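Each chain, written out:
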Amino acid sequence: MLFNLRSAATLFCAAALAAQAEVPSLVAIRDARVVPVKGSVMEKATVVIRDGLIADVGPSASPPAGAFVIDGTGLTIYPGLIDAYSTWGIPQATAAAPTATGRGGGGTQAILSALQTGQQAPRSQGPEDRPGTNTWVRAADLVRPSDTRLEAARSSGFTTAMTFPRGGLIGGHGAAVNLAGATGGAMVVEPSIGLQMTFTPGGYSGFPNTQMGILSYFRQLWLDAAHYAQAKSAYAANASGIRRPDYDRALEHLAGYPRVLLPAPNPIQLERVLKLAGDLKATPVFYGVQEGYRMAPVLKQANAAVILNSRWPARERDSDPEQQDSLRTLEMRDMAPQSPKILAAAGVPFAMSSEGAGAPRDIIRALKKSIDLGLSKEDALKSITLTPAEIFGLAAKLGSIEPGKIANLAVMDGDLFDDRTKVRMLFIDGVKYVPAPQAPQMPGGPGPGGPPGGQRPGSQTGETDEEIIR
Amino acid sequence: MTRPILLTMAAAGILAAGQDDSFLIRGATIHPVSGPAVENASLLVLDGKIAEIGLKIQNKAAQGKNKIRIVEAKGLHVYPGFIDSGSPVGLQEVSSVRETIDTGELGMFNPQLKAISAVNPESEHIPVIRGNGTTMVQILPGVAGGQGQTGIIGGQASIIRLSGYTWEEMLAVPYTALQAVWPVPSQGGRGGFDPSMLVPGARRQSSFSQANRAKEENIQKLTEFIEQARRYQAAKKAGPVPADRKFEAMLPVLEGVKPLLVEAARERAIREAVEWSEKQKIRIILTGVTRPGKMIEELGKKRIPVILGSPYSIRMEEDDPYDDPFTLPARLHQAGVEFAFASFGLQFARNLPFQAGQAVAFGLPYDAALKSITMTPARIWGLADSHGSIEPGKVADLILTDGDPLEPRSSVKMMFIQGREVDLESRHTRLYRKYMDRP
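Residues numbered from 1 in each chain as written. Chains lettered and ligands numbered in written order. Predicted model: local features only at pLDDT ≥ 70, side-chain atom pairs only at ≥ 80, totals over all residues.

Enquirer: I'd love a proper account of the overall build of chain A, names of residues and values included.
Expert: Looking only at helices and strands, chain A has 14 helices and 18 strands in total. The buried share of chain A, reckoned over its 470 residues, is 53%. Relative to all contacts within chain A whose residues are 6 or more apart in sequence, the contacts with residues 24 or more apart total 71%. (Helix = DSSP H or I, 4+ residues; strand = E, 2+ residues; numbered from the N terminus. Buried ≥ 20, exposed ≤ 12 C-beta atoms within 10 Å, placed from the backbone. Contact = placed C-beta atoms within 7 Å.)

Enquirer: Which residues make up the environment of B:Pro325, and what values do they have?
Expert: Residue and element names in this part refer to chain B. Within the secondary structure, Pro325 is located in helix 9 (residues 324-334). On a C-alpha basis, the gap between Pro325 and Ile159 in space is 26 Å, while along the polypeptide they are 166 residues apart. Residues within four places of Pro325 in sequence aside, it is in contact with Thr290, Pro311, Ser313 and Arg315.

Enquirer: Quick rundown of the sheet that holds strand 15 (residues 350-353) of chain A? Include the residues and the values.
Expert: Residues and elements named next belong to chain A. Reading across the sheet, the eight strands line up as 6-8-9-10-12-13-14-15 and stay open at both edges, with mixed pairing between neighbours. Where the open sheet ends on each side, the last strands, each with one partner, are strand 6 (81-86) and strand 15. Strand-to-strand, the axes of this sheet are offset by a mean angle of 30°, without reference to chain direction. In this structure, strand 14 (residues 305-309) lies alongside strand 15, joined through four bridges in parallel fashion. Within strand 15, the residue paired with Leu308 across the bridge is Met352. (Pairing = 2+ DSSP bridges. Axes fitted to C-alpha atoms, helices over the stretch in contact; angles between N-to-C directions.)

Enquirer: Provide a residue-level description of the packing of helix 7 (residues 267-280) of chain B against helix 8 (residues 295-302) of chain B, including the pertinent values.
Expert: Residue and element names in this part refer to chain B. Here helix 7 crosses helix 8 at 30°, and the two axes come no closer than 10 Å. Taken together, the axis directions place helix 7 and helix 8 in an arrangement best described as roughly parallel. With respect to the hand of their crossing, helix 7 and helix 8 are arranged in left-handed fashion. Counting all contacts with helix 7, which are made through Glu267, Ile270, Arg271 and Val274, the residues of helix 8 involved are Met295, Glu298 and Lys302. Tallied by class, residues from the contact of helix 7 with helix 8 come to three nonpolar, no polar and four charged. (Parallel < 35°, antiparallel > 145°, perpendicular 65-115°, else oblique. Left-handed = near helix turned anticlockwise from the far one by under 90°. Nonpolar A, V, L, I, M, F, W, Y, C, P; charged D, E, K, R; others polar.)

Enquirer: Describe the nonpolar core, naming the residues involved and giving the relevant values.
Expert: Soluble, globular proteins show a tendency: their nonpolar side chains are buried together. Ranked by internal contacts, the top residues of the largest apolar core, which has 122 residues, are A:Val47, A:Ile77, A:Phe286, A:Val306 and A:Ile307. Core analysis: the next-biggest nonpolar cluster, separate from the first, contains 108 residues, B:Tyr79, B:Ile116, B:Ile399 and B:Leu400 among them. (Core = buried A, V, L, I, M, F, W, Y, C linked by C-beta atoms within 7 Å.)

Enquirer: How would you summarise the confidence of the model for chain A if you had to cite specific residues and measurements?
Expert: Residue and element names in this part refer to chain A. The pLDDT averaged across chain A works out to 85; a share of 82% of its residues lies at or above 70. Confidence drops under pLDDT 50 across residues 1-22; counting only partners more than four residues distant or on other chains, this segment forms 28 contacts. Below pLDDT 50 for its whole length, residues 94-111 participates in 49 contacts with residues either more than four positions away or in separate chains. (pLDDT = per-residue confidence, 0-100.)

Enquirer: Describe the sheet that holds strand 11 (residues 284-287) of chain B, and please don't skip the residues or the numbers.
Expert: Residue and element names in this part refer to chain B. Reading across the sheet, the eight strands line up as 6-7-8-9-10-11-12-13 and stay open at both edges, with mixed pairing between neighbours. Strand pairing shows two members of the sheet lacking a second neighbour, strand 6 (82-87) and strand 13 (339-341), which therefore form its edges. Averaged over all neighbouring strand pairs, the angle between strand axes comes to 30°, with direction disregarded. Looking at chain direction, strand 11 and strand 12 (residues 306-308) are connected through two bridges and run parallel. The residue bridging Leu286 from the neighbouring strand is Val306, located in strand 12. Lying over the sheet, helix 7 contacts strand 10 (260-263) and strand 11, oriented at roughly 170° with respect to strand 11.

Enquirer: Outline the confidence of the model for chain B, listing residues and values.
Expert: Residue and element names in this part refer to chain B. For chain B, the mean per-residue pLDDT works out to 91, and 91% of the residues sit at or above 70. For the stretch residues 192-201, pLDDT sits under 50, and the model shows 28 contacts to residues farther than four places along the chain or on other chains. Scored as a whole, the predicted complex attains pTM 0.80, and scored at its interfaces, ipTM 0.75.

Enquirer: Kindly report on helix 6 (residues 211-237) of chain A, identifying the contributing residues and their values.
Expert: Residues and elements named next belong to chain A. With 27 residues, helix 6 should reach 39 Å at 1.5 Å per residue; the first-to-last C-alpha distance of 39 Å fits that figure. Taken residue by residue, helix 6 has Ile214, Tyr217, Phe218 and Leu221 as its buried positions. In this structure, the buried side of helix 6 is in contact with helix 8 (267-279). (Expected span 1.5 Å × (residues − 1).)

Enquirer: Talk me through the pairing of strand 2 (residues 42-50) of chain A; I want residue IDs and the actual numbers.
Expert: Residue and element names in this part refer to chain A. In terms of strand pairing, strand 1 (residues 26-34) meets strand 2 through six bridges, oriented antiparallel. Residue pairing across strands places Ile29 opposite Val47, the latter belonging to strand 2. Across five bridges, the pairing between strand 2 and strand 3 (residues 53-58) is antiparallel. By the bridge assignment for strand 3, Val48 is matched with Asp56. Two successive antiparallel strands, strand 2 and strand 3, enclose a turn made up of two residues, where Asp51 displays a positive phi of approximately 50°.

Enquirer: Could you give me a rundown of the domain arrangement of chain B, with the residues and numbers involved?
Expert: Residues and elements named next belong to chain B. You can read the domains of chain B as domain 1 (1-81 + 388-439) and domain 2 (82-387). Computed from C-alpha coordinates alone, the two centres of domain 1 and domain 2 are separated by 30 Å. Across the boundary between the two partners, domain 1 contributes 28 residues, which contact 34 residues of domain 2. Of the residues that constitute the side of domain 1 that touches domain 2, the class distribution is 15 nonpolar, eight polar and five charged. (Domains from an automatic or database assignment.)

Enquirer: Quick one: what's the story with unusual backbone geometry, residue by residue and with numbers?
Expert: Residues and elements named next belong to chain A. With an omega of -10°, the peptide bond between Phe207 and Pro208 qualifies as cis. For Pro208, the position within the fold is in the loop between strand 11 (205-206) and helix 6. A positive phi is found at Val37, a non-glycine position, where the angle reads about 75°. Secondary-structure assignment places Val37 in the loop between strand 1 and strand 2. Accessibility expressed as a C-beta count within 10 Å gives 20 for Val37, which makes it buried.

Enquirer: Explain the packing of helix 5 (residues 208-238) of chain B against helix 6 (residues 245-254) of chain B residue by residue, including any values.
Expert: Residue and element names in this part refer to chain B. At their nearest, the axes of helix 5 and helix 6 sit 9 Å apart, and the two run at 90° to each other. Classified by the angle between their axes, helix 5 and helix 6 sit roughly perpendicular to one another. Each of Gln228, Ala229, Arg230, Tyr232 and Gln233 in helix 5 lies in contact with helix 6, whose residues at this interface are Phe247, Met250, Leu251 and Leu254. Split into classes, the residues belonging to the contact of helix 5 with helix 6 amount to six nonpolar, two polar and one charged.

Enquirer: Talk me through the environment of B:Thr429; I want residue IDs and the actual numbers.
Expert: Structurally, the position occupied by B:Thr429 is in helix 13 (residues 427-436). Spatially, the C-alpha atom of B:Thr429 lies 28 Å from that of B:Ser389, the residues being 40 residues apart in sequence.

Enquirer: Which residues make up the pairing of strand 9 (residues 171-181) of chain B, and what values go with them?
Expert: Looking along a regular strand, one sees the side chains alternate between the two faces of the sheet. Residues and elements named next belong to chain B. In terms of strand pairing, strand 8 (residues 153-161) meets strand 9 through six bridges, oriented antiparallel. Opposite Gln156, over in strand 9, you have Leu178 as the bridge partner. Alignment of strand 9 against strand 10, held across four bridges, turns out to be parallel. Across the sheet, residue Val181 finds its bridge partner in strand 10, namely Glu263.

The structure is reproduced here in structure tokens:
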């Protein structure tokens, strides 16, 4: 890692990852422009950080005695940015081993297959085989500060990610994690924020292999889990004369999820998964949204939140020059970046994710495009700060600059949505980080959504820009 | 298998009875295609050939033959038998049973294969196809490639008449054209954006540059193959060479005697194929043309014939007009492109006349439609002197109908192939009767 040696912060950042104990627990940034997200922008204010939390903020706040004081003149302080649907923190397998189907997310899947009992693709005859049902996998157990992608994420101002394990029909339990920490455990803000579900068969062969099969399987799985819980409690109450219920790993861990994450790329799929969530009696959060511009009324009525892919659909870079794009496709390319504006106007909470993004910075660039199309900067900023915190029930800890919240801050030398703006320093759990002068490339390829038109290292397959979400 | 054999014996009975291939049709409306229809006319067939047409037959020989068969055809219409310019009939029977499929040999270049060599005269499809008026079919060997290769030259197409005990009897032209497929960039997957799909499959297998490179390589291989054949041709002229069936089969193509029947659906492939053929000085006929774009005018100017497949399909691109496949024949006609219809099918080959009828409903002049399954294919396949119209001297391949044969409601009442009456029984009529009779 390269650090800016001229920076006054050298002392702290050099020790940042290795020994947090040496970091002063009391820091004040004064005379900075503060964008608290909740509340109005303060042109000249001070933020006080104590023991990893925000202690005070405001124009009248003053650095306490003994505080390490940073001159914030010319700097803007934002809450640390949040990726609402991520894999950051879960180390990806090297060389992004392509999966059997050639689809993305090979890294996580490689880890998962290692976690599984050695079988590459177990054959599934029916729901009882629990195909691709990795409910026992928890992002909180998988995150490591050594994930090579964290540096790039931090360099773009991200301090937190809602990270979900991937692979199979149910990837596992997601966790809210800070993007730095002494250990994996120290990174975890909230170990259980929701169950990741997909409609993409993977990690098994056989049933279910169709939309109707998968819908039916999820319903059966929840029924089985309810029965399993009943049988277990009956047995616990009185074991005598009752045969013990068989232990079932998938059902054992199909509990303790505050919400389910379901893919809803378009209105038709949204209606399906909305009904599914109702039947499962689970609170849904919809991810992988591509056609958000057509989904606002249903989402509003359902009082549901969505997470948008941050790569707006575009023509493939390496595509047939004589290929004519359909009006439907052109409309989609035209309208998708307007989704945030349309959702905001309808009052539907939306957050942005690294899904589909090549580099973390692309999330901000995608929002910038939406701002150019009429989205307010405030709504844009919320979608990567307070809204994801609210969606995952963490608004008391994350998402804005308010006393008592976790001291996750992104200090920039200008407006977040100005492409020339650089992240000068970050605070994660009150610990200061200074990005390397040259923002590093996202190593080992981007998130599961794939790079824009590029090619995954080690993969033989080209990526399409209009890729279907996983 | 006893039933088909019994049927064939029954059909054979008519022919084997030594029935003459001379007869006189009286009182019919004759549609010669080459000219206007003649009402209440007579048609004399002698020894399998059309001898005379007119209101009153002058032929002394016919009058002398006191036992000539008279076909009273009041209210019926006489048309030349229809020619299907492409079908696997006789080489395929049940598409889902591998053992009954004889098309699509593996390999890139198979000019030496002859479709006629694999024809099954007992095919159940043949009587069915005859039922709507088709008397001749160009049979295609198919192009398959396989083993990672792209098939380019499939083999020799042949023309058969739909009547005969053996393939020799059915054979009309052993080698009409060499069937080929123009290489196209294939990226695999469905591509584009299909948001309703959440399962894999839409993803492209390769980028366009990769696919295009593979296409260029395949065209290069085709060019090299032609050059090799030219060297063989030159060497053969100079002196004896070891015989090579592949290159032997190429000689008529190099000499311009036989055309290359090239499948090219879209504008770019059509343009590439046309430009390549001009450079190579090889005569081509295009087939499978679906979305020719600006090449329509070029095909008219360059006088390159086109074989059209079934119009009963949906448009190729989402935003094309809904009737794009239906109006293509009319658009080709307007641009002066000569075209013939082919069924390119097996069980739907019987719909050939209705393909032409559908084109009329979408703007093609009726005469052009009728010609596209009679005179035009006869001309394209070098049979203009003997087939395609009702004119003295031509082969008596005739149908008698109770109405316009391009209309599905009309039926074919009688059929003659080489002047011999052909049974119009088929699996369809047998099943029809069987279930009509069910108590």
